[in-house]
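Fold and geometry: a report
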Amino acid sequence: MKFSYVCTECDKVFDIRQELMVCPDCSARQKADEPVRGILEVKLEGEADISFDVLDLLPVDKKYFASIPVGNTPLWKPENIRNQTGFSNLYIKDDGLNPTFSFKDRASFLVSAFAKMHGINEIVLASTGNAGSSMAGVGAAAGQDITIFLPETAPEAKLVQAMQYGANVYKVAGNYDLAYDFSLEYSKVKGGMNRNTGYNPMTIEGKKTVSLEITKELGEAPHYVFVSAGDGCIVAGVIKGFKDLLQLGVIDNMPVVYAVQAETSDALYRANETGRFDGRPTHTIADSICVDIPRNGYHALKLINEHDCRIIRVSDDDILRAQHEMASKAGLFSEPAGATAYAGFKSEMENLSKDAKVVVISTGNGLKDVVSAMKGIKAPEKSIKNINEVL
Ligand SMILES: *Cc1c(COP(=O)(O)O)cnc(C)c1O
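Note on numbering: residues in each chain are counted from 1, in written sequence order. Residue-level local features of this predicted model are given only where pLDDT is at least 70; pairs of side-chain atoms are given and counted only at 80 or more, and the full residue set underlies all totals for whole chains, interfaces and linings. The basis for every side-chain value is the complete set of heavy atoms in the structure, and neither hydrogens nor water enter the calculation.

**Some words on the sheet that holds strand β1 (residues 2-7)**
Only strands joined by at least two bridges in the DSSP assignment are considered to pair. Strands here mean DSSP runs of E at least two residues long; helices mean DSSP runs of H or I at least four residues long; both are numbered from the N terminus. The sheet built from three strands is open, its strands ordered β2-β1-β3 with antiparallel pairing. Here the strands that pair on one side only, and so sit at the sheet edges, are β2 (13-14) and β3 (40-45). Sheet analysis places β1 next to β3, joined by six bridges and oriented antiparallel. In the strand pairing of β3, Y5 is matched with V42.

So, in structure tokens, the structure goes:
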């Protein structure tokens, strides 16, 4: 397989080099409060059939990957939910079962290997929590030094994880967008590889592996895929994976991928309607998809529109209900941003054929944010002193 970069704005092709993160021409037009300009996509040329090896479709040799079991997450067949909804071909891809309990491991895994291939030992990034704890965990397995800029509002579990993995963590007095800018300035001065989502092309490329795994396991592409979206990097990776398989002739249809956003943090949705990213401050209970300026916004919208995919929105109440329903009916406890995809499926299911093969991607484990999860349940109010109180 031969790999190169292609600019997603001007189509210019480049050799893959570690110091090249964005298209030099298009990034020159970068404005402060807008998504990243000149995002580079990995282009591949070669041949494959359905017996392909996932790692062979990535632009870094196998020997550089850390010894940590990222990906190959289980594809659940949730029987109760299948019976209740009538969707007998519904699957849930449980990416909360990655080593650091989120989908972000797919990106960290490839970035770590890419840095290793180039002899770089420090990786720097901004994160709402999961990307940081993920890079910290994968970096620990790879023996790399990880520096993270984290908004002070990040859930405690994600901070604890990053510290346990031994990362160097800076708490930022502001939101993710500020942490993002700080991390870019830091790596400009201090060097190392920047793993900011979208900005580093390997983050999107690494995330495509989920689509490759789903296709291998089903023996064909599904009809519909639901995944939550904040920066738009995961949804772009999901579409990119199927796009590669289409190009290689491994599959012959592109699934309709639904990017599911929170109603109150819906920058991608709004930009798709209005044609511009306004940077309006947003909020949602699903912290992992709470983003004012989606860093991969231009690229995500381009892929979504080119491949007839969709963007839909659900409320925070829908998300909390979906979280509890998935946990109590399937036994799969997902963080709010993970349950957002299932909430999207629930809101859209009346428009889908019941025979369709549907995959809902759960992107993070429920224990990552117990404070939010508490809002969807009723905890026991008082402790009992005597068993007779309940008999
Ligand atoms: C990062 C993340 C998302 C959203 O991914 P984007 O690339 O920001 O759109 C969704 N769910 C979880 C659990 C995440 O950590």
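**A few points about the sheet that holds strand β8 (residues 168-172)**
Read across the sheet, four strands follow the order β8-β7-β6-β9 without closing on themselves; strand pairing throughout is parallel. The sheet is open, and its two borders are formed by β8 and β9 (193-194), each paired with just one other strand. As judged from the five bridges shared by strand β7 (residues 145-151) and β8, these two strands associate in the parallel manner. Among the inter-strand pairings, T147 is bridged to a residue of β8, identified as N168. We call two residues in contact whenever any of their non-hydrogen atoms come within 4.5 Å of each other. Each axis is a line fitted through C-alpha atoms, taken for helices only over the stretch in contact, and angles between the N-to-C directions span 0 to 180 degrees. The sheet strands contacting helix α6 (residues 176-190) are β6 (122-126), β7, β8 and β9, and the helix crosses β6 at an angle near 155°.

**Structural notes on the nonpolar core**
In this structure, I148, V235 and I361 are the most contacted members of the largest nonpolar core, which totals 92 residues. When residues in this core are grouped by element, the largest group, eight residues, is from helix α9 (residues 233-247). Residues in contact with V235, not counting those within four places in the same chain, are V227, A229, V257, A259, A300 and I304. In terms of nonpolar packing, the next biggest core, distinct from the first, is built from 30 residues, V256, I289, L352 and V358 among them. Throughout, nonpolar core names a set of buried Ala, Val, Leu, Ile, Met, Phe, Trp, Tyr and Cys residues whose side chains join them through atoms within 4.5 Å. Per-residue accessibility, obtained with a 1.4 Å probe over protein chains only, is compared with the maximum for each type, and a residue is labelled buried under 20%, exposed over 50%, and partly exposed between these values.

**Focus: the pairing of strand β5 (residues 90-94)**
Counted residue by residue, β5 has five buried out of five residues, so it is predominantly covered. Burial along β5 is two-sided: the residues L90, I92 and D94 and Y91 and K93 are all buried. Pairing analysis gives two bridges linking strand β4 (residues 75-76) to β5, with the strands arranged antiparallel. Following the sheet pairing, L75 is matched in β5 by K93. Bridge count for β5 against strand β13 (residues 358-362) is five bridges, and the pairing is parallel. Across the sheet, L90 pairs through a bridge with V358, a residue of β13.

**What to know about the site of the ligand**
Among the 16 residues in the neighbourhood of the ligand, the closest are listed as K104, N130, G230, D231 and T363. By the criterion applied in these results, polar contacts are pairs of N or O atoms within 3.5 Å in which, for protein atoms, one can donate a hydrogen and the other can accept it, and in which residues neighboring in sequence qualify only through two side-chain atoms. Here an oxygen atom of the ligand sits 2.7 Å away from a polar atom, N or O, in the side chain of N130. A distance of 2.7 Å separates an oxygen atom of the ligand from a polar atom in the backbone of G230. Polarity classes work like this: nonpolar for Ala, Val, Leu, Ile, Met, Phe, Trp, Tyr, Cys and Pro, charged for Asp, Glu, Lys and Arg, and polar for all others, with Gly in that last group. Within the shell around the ligand, the residues separate by chemical class into five nonpolar, seven polar and four charged. We call a residue near a molecule or strand as soon as one heavy atom of that residue lies within 4 Å of the molecule or strand.

**Notes on the packing of aromatic side chains**
Centre distance within 6.5 Å is the pairing criterion for rings of Phe, Tyr and Trp, where only the six-membered ring of Trp is used; planes under 30 degrees apart are then read as stacked, over 60 as edge-to-face, and the remainder as tilted. In total, this model carries eleven aromatic pairs according to the counting rule given. With a centroid separation of 5.2 Å and an interplanar angle of 25°, the aromatic rings of F149 and Y170 are classed as stacked. Taken together, the residues span a long stretch of sequence, with F149 in strand β7 and Y170 in strand β8 at a distance of 21 residues. Pairwise contacts between aromatic rings join F87, Y224, F226, Y258, Y342 and F345 into one cluster. Look at NZ for Lys and CZ for Arg. If either is within 6 Å of the ring centre and within 35 degrees of the ring normal, a charge sits over the ring. One residue, R37, lies across the ring of Y298, its end atom 4.2 Å from the ring centre. Cation over ring: R82 sits above Y91, and NZ or CZ is 4.9 Å from the ring centre.

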